[in-house]
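# Examining the three-dimensional arrangement
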Amino acid sequence: MGTTVSIKKIVAITAMVSLAATLMAGCGNSTTTSTSTPAPGGSTTAPSGEQPAASNLQPKKGGTITIGLKDEPDQLDIQKTGMAVANQIAGNLGGGLVTQDPETLEFKPYLAESWTVSDDGKTWNFVIRSGVKFQDGTPLTAKSFAETYQRALNPETAAKVAGSNLSEVASVEAPDDKTLVLKLKQPFAPLLQYLSDPGWLQPLSIAAIQKAGDKYGRQPVGVGPWKFDSWVNGQSISFVRNEDFTWADPIAKNQGPAYPDKLVYKFINENQTMLAALESGSIDIASKIDAKDVKKYKDNPKYEVKEMLRNGLGLFIMMNTRKPVFQQLEVRQALNKAINKEAIMKAVIQGEGVAAYGPLPPSLFGYDEAVKDYGYAYKVDEAKGLLETAGYKKNAQGIYEKDGKPLTLEILAQTGTWAQAAQLIQAMLKDIGVDVKIVTLEWGALVDTATKGNFDMTLMGYTLNDPDVLYLFLHSSQIANGLNFSAVKDDKLDSLLIKGRTTVDSQARKEVYKEIQKYVVEQAWWVPIYTEKQFNVVRKPVEGVRMHPLRGLMYQDSWVNQ
């Protein structure tokens, strides 16, 4: 029989909290539902709560809320995509086993009424909520979750994020309709964090998947407040209210069906076009607008600006270690020293963010403040010296070459701010004698190209709520079907990343991620550039839009004041 101390410890750490609270000794062989109060590492600046103007108004049913997004997902079968925007949109269709309070970040029951954990932290029993139905009428049971997770773990599914999030799950069982049992290979610190995501690990209707076949990615079915309605390629995805929805996330005030009749996402890649759509009323919410355009909306009572520091790196360069040129450490380090992060931040995001010196941002647990001291600073002469140490010499055109081959590289970039950043990177690398050609692609094509390994360098960004994101991007198991586009294969790093996700003591886990950050910086596989503030502008008459510091905008309490 274990002690309550050990279990509370496991749960608290799973919640990614510091063990500031004193743990009380006691006996017991399991523990239970909600967790201790977390205090996230970092400095996320997200406000939360409803709009002040809504406090004296009564929500009304009806109307449409239209949200402008810059990226269009490749599909909404959440297990077959790695795109953050797919998770953002598909989250409206689903829900998590647990949820996370936006104020305290405490984990609470949601589609699971409660849960218990074994003494060794390897067996998790969830009691599934009754009365929940998929939008095709199928009741949600423990078997639904079991089939969903088994599908994600099936290599044939090639689930990029969902599969990785469950990679420490050894088996999933549903002995009856109410009981879901997850048996882990080893204790897994981020488990509750991942299970709280309404997108990636939401339950899926296997019946709906079988019925739709290859078309499921464009005809998704979930248990959430919104039902899929239509998808017009390149233009919009629409949802209609799920009238049967009476099992809202407990963090919402509205526990019934959503107030608006429809929720629509419009895809508008160009920033000024997005703002014109906002001001004309053709969209109600402009998502992730450029920092240079924020001030006029902050000063206008017709709008509300909601901002937060991104939970991830907003911009970094991934180098493809399949290429011989990037198998030389000196070359990777040279490129790190050639990039003036502050100048790129100032030009591209008007300084609205923080410079990145390592693979984690300040908004994530485990961030090491010291990375600013040991990360690479902008030192052009040292960058040139490293290239010369690697055997390169400048040719008559001022470009370094080796064995008669000039150091010419391609960099993949998306349109918009990334393209602007790419031009600055191109100029900075030219200054040290590296010729860079920019290849601009739409997001889906960029990811596809990176997945196939057909690149030298690519710009990239990520958003996730746990430092375990580094496992997804840097562990060797993620090269073939995951997000390790750099093809990093390093035994020491693999071992550290496993240790990071299985260490259940919060302080010890933090120390592991300190070591990981220092090692990743030393090996210079990436060039971290910045983490930006994210700005969303909400137009009246939309009320009640809330901001979750880890999930972003929430719409369950939103309504149209018409």
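Residues numbered from 1 in each chain as written. Predicted model: local features only at pLDDT ≥ 70, side-chain atom pairs only at ≥ 80, totals over all residues. Heavy atoms only, no water.

### Remarks on the sheet that holds strand 4 (residues 112-117)
Strand order in the open sheet formed by four strands is 4-5-7-6, and the pairing between neighbours is antiparallel. Every interior strand has two partners, whereas the edge strands, strand 4 and strand 6 (169-176), have only one. On average, adjacent strands in this sheet sit at an angle of 20° to one another, irrespective of strand direction. Pairing of strand 5 (residues 123-128) with strand 7 (residues 179-184) involves five bridges; the strand directions are antiparallel. Paired with Trp124 across the two strands is Leu182, which belongs to strand 7. (Pairing = 2+ DSSP bridges. Helix = DSSP H or I, 4+ residues; strand = E, 2+ residues; numbered from the N terminus. Axes fitted to C-alpha atoms, helices over the stretch in contact; angles between N-to-C directions.)

### Let's talk about helix 16 (residues 491-502)
For an α-helix the count is 3.6 residues per turn, leaving residues at separations of three or four pointing the same way. Taking 1.5 Å per residue, twelve residues should reach 16 Å; helix 16 reaches 17 Å between its end C-alpha atoms and fits that length. Taken as a whole, helix 16 has its buried residues at Leu493, Asp494, Leu496, Leu497, Gly500, Arg501 and Thr502. Against the buried residues of helix 16 lie helix 4 (161-165), helix 15 (469-474) and helix 17 (506-523). The backbone nitrogen of Lys492 lies 3.1 Å from a side-chain oxygen of the residue at the head of helix 16, namely Asp490. (Expected span 1.5 Å × (residues − 1). Buried < 20%, exposed > 50% of the residue type's maximum accessible area, 1.4 Å probe, protein only. Contact = heavy atoms within 4.5 Å. Polar contact = N/O pair within 3.5 Å; in protein donor to acceptor, adjacent residues only side chain to side chain.)

### Overview of the sheet that holds strand 17 (residues 405-406)
Strand order in this open sheet of three strands is 15-16-17, and the pairing throughout is antiparallel. Edge positions in the sheet fall to strand 15 (393-394) and strand 17, since each has one partner strand and no second. Two elements, strand 15 and strand 16 (residues 400-402), share two bridges in a ladder whose sense is antiparallel. Across the sheet, the residue bridging to Lys394 is Tyr400, located in strand 16.

### Here's the deal with helix 14 (residues 443-452)
Residues Trp443, Leu446, Val447, Thr449 and Ala450 constitute the buried set of helix 14. Along helix 14, the residues classed as buried sweep out an arc of 165° about the axis, all on the same side. Buried positions along helix 14 lie against strand 18 (408-414), helix 13 (417-432), strand 19 (435-441) and strand 20 (457-460). Immediately downstream of helix 14, the backbone of Gly453 shows phi near 75°, a positive value. (Arc of directions from axis to C-beta.)

### A few points about the pattern of salt bridges
For the structure shown, the criterion picks out 32 salt bridges. The closest approach of N and O atoms between Glu307 and Lys533, which form a salt bridge, is 3.9 Å. Of this pair, Glu307 sits in strand 12 (residues 303-309) while Lys533 sits in strand 21 (residues 526-539), placing them 226 residues apart in sequence. Between Glu522 and Lys518 there is a salt bridge, and its shortest N-O distance comes to 3.4 Å. Note that Glu522 and Lys518 are positioned in helix 17 at a spacing of four residues, about one turn of the helix. Glu522 gets classed as partly exposed once you look at its relative accessible area, which sits at 36%. (Salt bridge = Lys/Arg side-chain N within 4 Å of Asp/Glu carboxyl O.)

### Side note on the UniProt feature "domain: Solute-binding protein family" (unreviewed entry) in the chain
On the UniProt side, "domain: Solute-binding protein family" (unreviewed entry) is annotated at positions that read residues 106-477 here. Taken end to end, residues 106-477 comprises 29% helix and 25% strand; its first and last C-alpha atoms sit 31 Å apart. (UniProt positions renumbered as here; feature names shortened; annotations may be inferred.)

### Notes on the nonpolar core
Generally speaking, soluble globular proteins have nonpolar side chains that are buried together. Ranked by size, the top nonpolar core spans 154 residues in total, and within it Phe126, Leu180 and Phe473 carry the most contacts. If one sorts the elements of this core by residue count, helix 13 sits on top with seven residues. The residues contacting Leu180, other than those within four sequence positions of it, are Leu97, Trp124, Asn125, Phe126, Ile128, Ala142, Phe145, Ala146, Tyr149, Val172 and Glu173. Leu278, Ala286, Val294 and Tyr303 belong to the second largest nonpolar core, which has 15 residues in total. (Core = buried A, V, L, I, M, F, W, Y, C linked by side-chain atoms within 4.5 Å.)

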